[in-house]
Amino acid sequence: MERVLRVSNSDIEGNYYVSEREILALSGLDRRPWLWEFFGSAALENLKSQPWIADVRLDLSIYPASATLTIEESVPWLVAEFQRESWLVARSGRLLQPLATIKDADIVMQAAHLPRLDGIDEQVDLRSPTRSNRRLNQALEIVKKFEIAGKLPFTVERYTLVEFGGIKVMPAEWESFPPILISRFTFEEASRAQANLLRVLTDLRYRGESSAILDLRFRNQVVVRPAIE
């Protein structure tokens, strides 16, 4: 009977960043648990406490007792720099892992190509490092809304939260595109700001002119400003 009711077979699907060994340990499957231990979903909540795991689905088979875990992992979106550390951040705003602790060469390479986010320093409870701070949330809200509204004509190298709640966006192609300033937009405002940006960039190129910085924070217009230190 014990052999029948203990989960001795398990499959894990969808994981890349989190090892199978860690998933087995977090779920308790490494100790061949009783089948009924999974009915209260405590194992799933324990798995979701791992920063890299965004969601998980558990499928149980009664005979023979087996479990299949389908993992949905958090995907690194950008690198946030604060409190003298650099953290991988998911689009949800969840802090995934400090860069200094990452050993996987593939993740290190992936992180090297992600945009940076700075200007967000404030006191953080280091006992709960996966809790994002207020300024980080503020910056991510602005960036996400602007990304959802459309695609910028350049690759972003860095986002910087500036005074009065705006974001300075630094293009990777700095020789071809000026920095821009964005703010907390609605979806419609962000779409309109991006359309205005393309129009102004096209006009500047047509006239053979360049600009230090383009400020999109004003309704229905783009203001050319000197560079912000």
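Each remark here, short or long, concerns the structure printed above.
Residues numbered from 1 in each chain as written. Predicted model: local features only at pLDDT ≥ 70, side-chain atom pairs only at ≥ 80, totals over all residues. Heavy atoms only, no water.

Draft legend 1. Representation of the pattern of salt bridges. Applying the stated rule across the entire model yields nine salt bridges. Across the pair R158 and E81 runs a salt bridge, and its minimum N-O distance is 2.9 Å. Here E81 lies in strand 4 (residues 76–82) and R158 lies in strand 8 (residues 156–161), a separation of 77 residues in the sequence. You can call R158 partly exposed: its relative accessible area is 24%. Given the relative accessible area of 24%, E81 is considered partly exposed. One salt bridge connects R91 with E147, and the closest N-O pair in it is separated by 3.1 Å. Of the two residues, R91 is situated in the loop between strand 5 (85–90) and strand 6 (95–98) and E147 in helix 5 (residues 134–149); the sequence distance between them amounts to 56 residues. Taking relative accessible area as the criterion, E147 reaches 30% and is therefore assigned partly exposed. Among the ionic contacts, a cluster of salt bridges with common partners joins E81, R116, D118 and R158. (Salt bridge = Lys/Arg side-chain N within 4 Å of Asp/Glu carboxyl O. Helix = DSSP H or I, 4+ residues; strand = E, 2+ residues; numbered from the N terminus. Buried < 20%, exposed > 50% of the residue type's maximum accessible area, 1.4 Å probe, protein only.)

Draft legend 2. Structural detail: unusual backbone geometry. Unusually for a residue other than glycine, Q83 sits at a positive phi of about 50°. Locating Q83 in the fold gives a position in the loop between strand 4 and strand 5. Positive phi, normally seen in glycine, also occurs at R84, with a value near 65°. Structurally, R84 is set in the loop between strand 4 and strand 5.

Draft legend 3. Broad picture of the sheet that holds strand 2 (residues 53–61). The strand order across the open sheet built from three strands is 1-3-2, with neighbouring strands paired in mixed fashion. For this open sheet the edge positions go to strand 1 (9–13) and strand 2, each flanked by a neighbour on one side alone. Across the sheet, the axes of successive neighbouring strands diverge by a mean angle of 15°, strand direction being ignored. Bridge count for strand 2 against strand 3 (residues 66–73) is eight bridges, and the pairing is antiparallel. Looking at strand 3, one finds that L60 is bridged to A67. (Pairing = 2+ DSSP bridges. Axes fitted to C-alpha atoms, helices over the stretch in contact; angles between N-to-C directions.)

Draft legend 4. Broad picture of the sheet that holds strand 12 (residues 223–225). Pairing in this open sheet of nine strands is mixed, and the strands run 6-5-4-7-8-9-10-11-12 from one edge to the other. Two strands close off the open sheet at either side, each with one partner strand: strand 6 and strand 12. For this sheet, the mean angle separating the axes of adjacent strands, direction not counted, is 30°. Pairing geometry for strand 9 (residues 167–171) and strand 10 (residues 180–182), over three bridges, is antiparallel. In the strand pairing of strand 10, I167 is matched with I182. Packing against the sheet, helix 5 makes contact with strand 4, strand 5, strand 6, strand 7 (116–118), strand 8, strand 9 and strand 10, and its axis sits at approximately 145° to strand 4. (Contact = heavy atoms within 4.5 Å.)

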